[in-house]
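Results of the structural survey
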Amino acid sequence: MYRRPKLHLHIGLRIFKTALAVTIAMVVARLVDSYSPIFAGLGAVVAMARTLPESLEAARTQVVALVFGALVAFGILWLDPTPSPLLIGVGVLAVLSVCALCRLYYAVSLAAIIVLSACVSTSGDPMLALLHRLLDTSIGLAAGVAVNTLVKPYNNRPRVTALLQRLAGRVPACLDACVLQDLYPDLTPLETDLRAIDVELDLYRRQHFRRREAHERDTAFLTGLEQLAERMLRELQTLCCMDAIGVPDSKNRAALAALGLDTSPADHRPSSPEVDVVTNYHLRKALEARSYLLAMLELPPEV
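Presented here is an overview of the structure given in this document.

Thresholds, definitions, all that
- Residues numbered from 1 in each chain as written.
- Predicted model: local features only at pLDDT ≥ 70, side-chain atom pairs only at ≥ 80, totals over all residues.
- Heavy atoms only, no water.
- Helix = DSSP H or I, 4+ residues; strand = E, 2+ residues; numbered from the N terminus.
- Rg over C-alpha atoms; globule rule 2.2 N^0.38 Å.
- Buried < 20%, exposed > 50% of the residue type's maximum accessible area, 1.4 Å probe, protein only.
- Areas by Shrake-Rupley, 256 points an atom, 1.4 Å probe, with all protein chains shown as cover.
- Lys, Arg positive; Asp, Glu negative; His and termini not counted.
- Charge placed at Lys NZ, Arg CZ, Asp CG, Glu CD.
- Axes fitted to C-alpha atoms, helices over the stretch in contact; angles between N-to-C directions.
- Parallel < 35°, antiparallel > 145°, perpendicular 65-115°, else oblique.
- Left-handed = near helix turned anticlockwise from the far one by under 90°.
- Contact = heavy atoms within 4.5 Å.
- Nonpolar A, V, L, I, M, F, W, Y, C, P; charged D, E, K, R; others polar.
- Expected span 1.5 Å × (residues − 1).
- Salt bridge = Lys/Arg side-chain N within 4 Å of Asp/Glu carboxyl O.

Observations regarding the overall build of the protein
Along the protein, the regular secondary structure elements total 11 helices and 0 strands. Secondary structure elements of the protein occur, N-terminal to C-terminal, as α-α-α-α-α-α-α-α-α-α-α. Here the C-alpha radius of gyration of the protein, 29 Å, is well above what a compact globule of 303 residues would show, namely 19 Å. Taken over 303 residues, the protein has a buried fraction of 41%. Carbon and sulfur atoms make up 63% of the accessible area of the protein, which amounts to about 17,100 Å² in all. Averaging the coordinates of the 30 positive side-chain charges in the protein and doing the same for the 29 negative ones gives two points 7 Å apart.

Re the environment of alanine 94
Examined against the element boundaries, alanine 94 turns out to sit in helix H4 (residues 85-101). Each C-alpha atom of the pair alanine 94 and aspartate 202 lies 36 Å from the other, and the pair is 108 residues apart in sequence.

Considerations on the packing of helix H9 (residues 212-241) against helix H11 (residues 273-297)
One way to put it is that H9 packs onto H11 with a least axis distance of 9 Å and a crossing angle of 155°. Taken together, the axis directions place H9 and H11 in an arrangement best described as roughly antiparallel. Of the two elements, H9 crosses H11, and the hand of that crossing is left-handed. Within the contact between the two elements, H9 uses Phe221, Leu225, Leu228, Ala229, Arg231, Met232, Glu235, Thr238 and Leu239 and H11 uses Thr279, Tyr281, His282, Leu283, Lys285, Ala286, Ala289, Arg290, Tyr292, Leu293, Met296 and Leu297. Each residue belonging to the contact of H9 with H11 can be placed in one class, and the counts come to 14 nonpolar, 3 polar and 4 charged.

Describing H11
Between the first and last C-alpha of H11 there are 36 Å, a value that for 25 residues agrees with the 36 Å anticipated at 1.5 Å per step. When H11 is considered as a whole, its buried residues turn out to be Asp276, Thr279, Asn280, His282, Leu283, Ala286, Leu287, Ala289, Arg290, Leu293, Met296 and Leu297. Residues of H11 that are buried make contact with helix H7 (157-180), H9 and helix H10 (250-258).

Remarks on unusual backbone geometry
Although it is not a glycine, aspartate 182 adopts a positive phi angle of roughly 55°. Looking at the element boundaries, aspartate 182 is found in the loop between H7 and helix H8 (188-205). Taking relative accessible area as the criterion, aspartate 182 reaches 47% and is therefore assigned partly exposed.

A few points about the pattern of salt bridges
Taken as a whole and assessed by the stated rule, the structure comprises 8 salt bridges. The shortest N-O distance in the salt bridge between arginine 157 and aspartate 218 comes to 2.6 Å. Taken together, the residues span a long stretch of sequence, with arginine 157 in helix H7 and aspartate 218 in helix H9 at a distance of 61 residues. A single burial state applies to arginine 157 and to aspartate 218, both of which are buried. The closest approach of N and O atoms between arginine 205 and aspartate 202, which form a salt bridge, is 3.7 Å. Residue arginine 205 and its partner aspartate 202 are both found in helix H8; the two are separated by 3 residues, about one turn of the helix. The class of aspartate 202 is partly exposed, set by a relative accessible area of 33%. Salt bridges sharing partners connect three or more residues here, namely Arg166, Arg170 and Asp193.

This is how it looks when you write it as structure tokens:
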């Protein structure tokens, strides 16, 4: 029997902040008797990125593209108020070349669109329209950046710690397969988690909080946890690459049993002093890294 899937409406903080920024931008645009308030709203949407640096980057992209595109469009319209397709093409070539010369690759597409929209406009004064668009977009960008800065800045620290917890939670099954069952576990999920942690931690590092010193200490703390996770994964990879797995010693057996693993399959494995030493060394290092990582994750954050 077919059941219609339930729709779950979730309004997150970023959605709310975007709506708030658009509202503020539209109100300001009306107060200054804006020529085209829609560009103020669009500017607010564009500037509502996850972090302040991303918001500033989006705002810079919009402003630079508008200015470059407007300057080239002014030059074309000054030469010919009704430019031919050839002249428009030359204008697009000019703005793309200037952006490339100044290494403003992020503004290329929008700048070209500005030139095209001004040159093919058939209503009103295109130069005046460009000036109003620059003003209205600036209002929206300012509103977006302000809201993103002042209204609960994005904090992905819980995402970083959740990924670390998940990675540590995958380790017992891998140890069971590799050390006790003589199997080759798939370490791809752990490697994927570690790459995601690196991305999220880089994003957290680039965020701006009011308590900068505490944020820097917490970033260093999370970086240390990431290094512990890397060490744990390296030890697992080493164990998986061994030609033979030795017999766990009593200390490692106790640690594996504490994870809920059955160590009896290793009882009948032939012992080799050299292999046993190497196996127990890497196993102990993996278990210690995991234990220390989980203990550190229990500490309260500084920011």
